[in-house]
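One letter stands for each residue in the lines below.
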Amino acid sequence: MNHEIGTLYYAVMAYEADRIDHTNNDEVDEFFHEHLDRLWHSPNSAFEEHTRIMRPEVAAVLSRTQNVVNHFTAGFVSDAAPRCPEVLDMAKPTEWRQCSDREIFRIQRALYRYQTYCNLFFRSVEDLAAHVHFTWQLDPSVLDTRKRFLATHYPWENEQLASILDYLERVLSRAFDTVAAHDIAWGYYRVDWTARGSSNRQKQTYLSRGLLYLHRLDVTDDYFSWYKILTEEGYSTEDAYSPLRTAFTAPSVMHSLYDSSHLAAHNLAPDEELTIKKMRQFWQSIGPASIFDNTRSDPATIWFLLHRKEDPSKWIANDLHELARRAGYVMWDAPSRHPADAHFERRLKVACRQYKTLQNQADRAAEEAQAESWKLRQRAYLLGHRGGFVAEMHESSTEASSARS
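Quick caveat: nothing in here was measured; it's all calculated off a predicted structure.

K.L.:
I keep staring at the pattern of salt bridges and nothing clicks. Help me out?
P.N.:
Note that side chains of opposite charge can pair when their charged atoms are close. All chains considered together, the criterion is met by 19 salt bridges. Through salt bridges that share partners, D79, R170 and R326 make up one connected network.

Structure below.
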């Protein structure tokens, strides 16, 4: 199947997700059936039907979104490729147009899936309220929706989505961390710029706004432009930082998607040390007959190696695999003689653990600098000062934060 047609399908899906009444359960259910459930059961017919007719006004919207997707594709590749030789024992071009069609498709599919998710569930400030969708313990209907969104793709394809989410958080952090480390009011309200992932509720809120919003932040280097974008559309210092979060990787979703009963149905014990052969047979038994990243694809093989000894709840977005995701380990075509063996598995896991140790050390240094910065800015706020705050120690706090990236 042509990979450009595949990308177009996901582009149309994101477009359609933005057009339905996302508060109407019947419309949401129909969307899942037409675009996601069918993709799993009969991918070829789904691609052909949904990319056959394109109205001019739809094409114009898709063209604008595709430009943004291309922008982030270029950013992801330039960030990931330099790490590939040391982390993955393979060389990749830093210019995205030199990547293979399959590699570009994987990255862009993940970007469009991310946008589809945002379009489905985040339309306004009200949609970001914790009581509407996103708390640690999701209600059954919300849990089922998140599960359906992930269940129509293989776990290594969901790990591609997690890799993109990690990358987009780094994009956001360039602007967010700078403002959070300097604005007096943000310091008074103790806005955290050091925590990452689901631990940082504020950043997850901004990530929920989608690719076009993040693109606006990424194409400027101006502090005041960043501040304006981060505080617009109803956000204020007082109410923008209530407990909000997205739920791509909420533990309740992961446990329900790959739980022990799911594995037992296919004669696999949840604590069984699986060989690549067993992993491949398992997913062949429940997966579609034709899809781009099937069980014999390079992303599947390297994913099998890294996860075959792990609990299923850690198959996606495992904190220990942050380095592998940053190197794009599930995005690339492997060289013909790539050593995807037990030795490579051990070396990759050691590299991931070492990276995580260094990250934890940098995190502690950044947290100490942040705490001191909060104290200085809280005093300034109580004295009536507003706006940006600059001090010698404050510059060092920003440097500590930068070291973590």
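K.L.:
How should I be thinking about the packing of helix 8 (residues 155-180) against helix 12 (residues 223-230) in this particular structure?
P.N.:
In a packed pair of helices, the relevant descriptors are the angle between the two axes and the axis-to-axis distance. Contact pair helix 8 / helix 12: the axes reach a minimum separation of 9 Å and the direction vectors enclose 95°. It follows from the interaxial angle that helix 8 and helix 12 lie roughly perpendicular. Where helix 8 abuts helix 12, its residues L172, R174, A175, F176, T178 and V179 lie against Y223, W226, Y227 and L230.

K.L.:
Would you mind going over the environment of L39 with me for this structure?
P.N.:
Structurally, L39 is set in helix 2 (residues 25-41). Between the C-alpha atom of L39 and that of T152, which follows or precedes it by 113 residues, the distance is 7.1 Å.

K.L.:
In this structure, what is going on with helix 4 (residues 56-80)? I would like to understand it.
P.N.:
Residues three or four positions apart in an α-helix share a direction because the helix packs 3.6 residues into each turn. The end-to-end C-alpha separation of helix 4 is 35 Å, in line with the 36 Å expected for 25 residues at 1.5 Å each. Here helix 4 has its buried residues at V58, L62, T65, V68, V69, F72, T73, G75, F76, V77 and A80.

K.L.:
Help me understand the nonpolar core in this model?
P.N.:
The tendency in soluble globular proteins is for nonpolar side chains to be buried as a group. Counting residues in each nonpolar core, the largest one holds 92 residues, and the members touching the most others are F72, L88, Y114, L168, L214, L217 and W332. Among residues more than four places away in sequence, those in contact with L88 are R83, I302, A327, G328, Y329, W332, H338, F344 and L348. Of all hydrophobic cores here, the second largest spans five residues; its members include I184, A185, A380 and Y381.

What counts as what
- Residues numbered from 1 in each chain as written.
- Predicted model: local features only at pLDDT ≥ 70, side-chain atom pairs only at ≥ 80, totals over all residues.
- Heavy atoms only, no water.
- Salt bridge = Lys/Arg side-chain N within 4 Å of Asp/Glu carboxyl O.
- Axes fitted to C-alpha atoms, helices over the stretch in contact; angles between N-to-C directions.
- Helix = DSSP H or I, 4+ residues; strand = E, 2+ residues; numbered from the N terminus.
- Parallel < 35°, antiparallel > 145°, perpendicular 65-115°, else oblique.
- Contact = heavy atoms within 4.5 Å.
- Expected span 1.5 Å × (residues − 1).
- Buried < 20%, exposed > 50% of the residue type's maximum accessible area, 1.4 Å probe, protein only.
- Core = buried A, V, L, I, M, F, W, Y, C linked by side-chain atoms within 4.5 Å.

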